Structures are given as C-alpha cells and as structure tokens.
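For reference, the chains in residue letters:
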Amino acid sequence: MAVDLLLGLQWGDEGKGKIVDVLTRNYDIIARFQGGPNAGHTLEFDGIKHVLHTIPSGIFHENAINIVGNGVVIDPVIFKKEIDNLDKFNIDIPSRMFISRKAHLILPTHRLLDAASEAAKGKAKIGSTLKGIGPTYMDKTGRNGIRVGDLELDDWKEKYRALADKHEAMIRFYDVDIQYNLKELEVEFFAAIETLKSLKFIDSEEYLQQALKSEKTILAEGAQGSLLDIDFGTYPYVTSSNTTAAGACTGLGVAPGKIGEVLGIFKAYTTRVGSGPFPTELFDEVGETMGRVGNEFGATTGRKRRCGWLDLVALRYAVQVNGVTQLMMMKADVLSGFESLKVCTAYNYRGETIEHLPFNIEEQNISPIYTEMKGWDKDLTNITSESDFPEELTAYIDFIEKELEVPVKIVSVGPDRKQTIMR
Ligand code: IMP
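In short, a report on the structure. Here the structure is a predicted model, which is why all the values come from computation and not from measurement.

As for the nonpolar core
Move 1: Counting residues in each nonpolar core, the largest one holds 58 residues, and the members touching the most others are Leu327, Met329, Leu335, Tyr396 and Ile400.
Move 2: No other element matches helix H12 (residues 391-404), which puts six residues into this core.
Move 3: The residues touching Met329, leaving out its near neighbours within four places in the chain, are Phe266, Ala268, Leu393, Tyr396, Ile397, Ile400, Val408, Ile410, Val411 and Ser412.
Move 4: Among the nonpolar cores identified, the runner-up in size contains 40 residues, and Leu43, Val68, Ala116 and Ala192 belong to it.

Below is the structure:
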C-alpha cells in the first residue's frame, strides 16, 4: 500500500479542499502535512459552503480518519473556532480527527511577530496572511518551539512564558507600532488549549506505519502551492514550509518509497494572493473578469487575488519537482466567454527564450511567450460528462497534457461536489 499525495501546483487556492472532499470516499485516512491556518480549504455541498483552515478536508466523511501531521503548525484559537463551527453538523470530531504530538503550536506572540516583521519590511513585505506561520516555523527550526506533545508535560507553561517573553522583546526590537493586549490574547489561547487537549494526540508517523501495514488507504493533503514552497517557490515571497511532495515525507514521517500517486491540482488560469513575481498576471479587463467570475477572494483573508493566464512554464516546473502522476484542472467554467485564451509556454528572459523557471524572475527580466487558443462560449456549470465539453475546451486540455506529459484526470466546472467530471 502507498500514500497518495494531493498538492497545489501554483500559488495556492487551486481548489484542493474540494478535490480532497470528492476523493475522500476512496481513502480511509486523510492527513495534512504542512502549513497552518494560512490555508483556507473551501468545500461546498448540499448548498452549504465550508472553509477549513487546519482541519483536514476529510472531516465530513463518516468513514475517514483525519490526521493533523507533525509538519503542520496549529493555532489553538483558530482551531477551536473551526471545531465550534462544525458543532451544528453533529460530527463526532474526537473519533474522526487525531493530532500529531510533534506538530508545533502557534502562540499569540507568533502572530504579533508576524505583524511586526511585515510592518518593518514596508514595501518589501511578503503579503503574509499574518497567522504567525513564519515565526512559528522559525522557532521550530531554531529549536525553540512548543509542540502539541508538550501539553502532556508539567512544565509546558513555563516554556510558554519564557518563549512569549522573548517574543515580546523581539517585537520591541522591530520598533513598529503594534498594539496588543497579551493578557487578553492569553485568556483566549489557554481556553483553546483545553479544546485541543480534548482531542487524541498520537505519534502520527507510527499510526501511519501501522495503517499502511493493515492496508489502509491514505491521502496526504497539501496546503498552499508549489510556487510558495520555501525552497522551490518564488523566494522570499513564499510560505515557510515545504509545500512540495517531499514535504509530505517529512511532514508525516512517510518514507519516499511509500508514496504512490501524486495528484497535482491547478486552475485553468493562474492566481496569486500577496506580493511577489507573477509573469502572466493581467492588469486589464480580462484579469478583472477572471477575478469576478471566479470569485477570486482569499478564503482566509478575504484579499482580492491577482489573476492571469495559465503559465505552463511554472506548471511544468511544479510537475517535475513533485513527480506529478495525475493532473486535476479546476475552474474550467471561469474561462467560458473569452473569445481567445492565452497559454504561456516559454519566457523571454533577458532577450533569450527559456522554458524553465529561472532564479531571478523579477518583472523587468521576464516576459511571457504565449500560444493563443480559441475560447468557448458554452456555460460549463451544468455539464455532467466529458462528452458535453465544447471542442475548444478539449483542445485546451489536450494542449496542456501534451506540454506537461501528464494526463488530466479531473476537470472541475463549479464549486459543488457534483460539478466534477472524471476522465
Ligand atoms: P504566510 O504563509 O501567511 O506567511 O504567507 C506567505 C505568502 O504565502 C503570502 O503571499 C500569502 O498570501 C501566501 N499564502 C499563504 N497561505 C496561502 C494559501 O493558503 N493560499 C494562497 N496563498 C497563501
């Protein structure tokens, strides 16, 4: 048995939540392996829209066990809110979701540090979601972090105090105007810790080994996207974890040889939220239309997403780094109504044509080289089978498959579970 991976191939927001939800029925276990509440996984079914930040997207399926892996960073306050939001759905969460003891905790002061760091950067800010992700991973690699398993030990509050005091000194060092009342934040934090402690803590790497031995099927759910990977993304405009396939090995304790299918999700166009390079970004009416029709606003921060044409150079890079074996194309319906569509197949990089993502992709160095294709008019949102695809959509998919050398197995034509065409 193997662990299948599901990853975003662009700058996040590809629609991973929906696909995990659609695929969950095929898996016994869904495991998140990195990131934290900077993610916003949107699921829509039975006329209700759900947004999950830390809870794995398999939570709505009765038979699935959900695991928050060691690579994830957990903000107990946000986690508690997510759990409370699920109250009305009568989900027995403690029996369906287990937490790795090795996952790190986001403290209130991590969030404050994130805000201070961004404010100090001024124009060069990353455009962080300000959920404390960067400072928490810094404490993890700096070997200062507090882990979920620490909550089972007697001295964790002393560790907490020492770290929070250090953070306050760091906030003062930034010398920016950050207003906060730590006492109030701590009341909320310690109450949320009690909710967290009501869940089962596990040694998730051991749990998954045993699950594999007993032939359970496992899907590892990524957050963000490959171009936000700390190593392979558009650094420094990235998140602080490995969002690519290798991150699933370190974020769950699964050996590389145990990875099975690698399912790569991408939108039929491209979006990005936050700062950083985006070669195919559109600043015109076409980009505006994509944003409006695609409802491109962040699920976590509500920020407007930047929109642009599909970038096959960046996508090819993501397919290679992750070893993608199957592709899933989301939001095909958003492209209906454009007379023609452009797809970037190469870059003009300082006067030279290149087909890979270079180290330095600042705007002044790069311009996209496009192949133009015919668009389609047909509304796709009611389509139930591939045979109803307009021929221009089929040509668009064929082109992508030829360029990336990986089959497109799912085409999504709307936010609902039902609007999913398997190929
Ligand atoms: P952070 O991870 O909150 O520090 O944000 C770093 C960068 O990653 C910013 O540009 C964010 O907008 C982006 N980012 C973080 N999480 C997500 C996500 O789930 N979807 C899309 N972008 C994200």
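Some remarks on the packing of helix H2 (residues 76-85) against helix H7 (residues 182-197)
Move 1: Two elements in contact, H2 and H7, have axes separated by 8 Å at closest approach and are oriented at 55°. As far as their axial angle goes, H7 and H2 are oblique. Like other packed secondary-structure pairs, H2 and H7 cross with a definite hand, here left-handed. Taken together, the residues of H7 that come into contact with H2 (itself represented by Pro76, Val77, Phe79, Lys80, Lys81 and Ile83) are Glu188, Phe189, Ala192, Ile193, Thr195 and Leu196.
Move 2: The residue makeup of the contact of H2 with H7, split by class, is eight nonpolar, one polar and three charged.

Description of the sheet that holds strand S2 (residues 29-32)
Move 1: The 10 strands are arranged S9-S7-S5-S2-S10-S1-S11-S15-S19-S20 in an open sheet whose pairing can be described as mixed. Each edge of the sheet is formed by a strand with only one pairing partner; in this case those strands are strand S9 (200-202) and strand S20 (420-422). Adjacent strand axes in the sheet meet at a mean angle of 25° when their direction is disregarded.
Move 2: Relative to strand S19 (residues 408-412), strand S15 (residues 326-330) runs parallel, the two being bridged by three bridges.

So, the pairing of strand S4 (residues 48-52)
Move 1: Pairing geometry for strand S3 (residues 41-45) and S4, over five bridges, is antiparallel. Paired with His41 across the two strands is Leu52, which belongs to S4.
Move 2: The hairpin formed by S3 and S4 contains two residues between the paired strands, and Asp46 there has a positive phi angle of roughly 50°.

Reading guide: rules and limits
Residues numbered from 1 in each chain as written. Predicted model: local features only at pLDDT ≥ 70, side-chain atom pairs only at ≥ 80, totals over all residues. Heavy atoms only, no water. Core = buried A, V, L, I, M, F, W, Y, C linked by side-chain atoms within 4.5 Å. Buried < 20%, exposed > 50% of the residue type's maximum accessible area, 1.4 Å probe, protein only. Helix = DSSP H or I, 4+ residues; strand = E, 2+ residues; numbered from the N terminus. Contact = heavy atoms within 4.5 Å. Axes fitted to C-alpha atoms, helices over the stretch in contact; angles between N-to-C directions. Parallel < 35°, antiparallel > 145°, perpendicular 65-115°, else oblique. Left-handed = near helix turned anticlockwise from the far one by under 90°. Nonpolar A, V, L, I, M, F, W, Y, C, P; charged D, E, K, R; others polar. Pairing = 2+ DSSP bridges.

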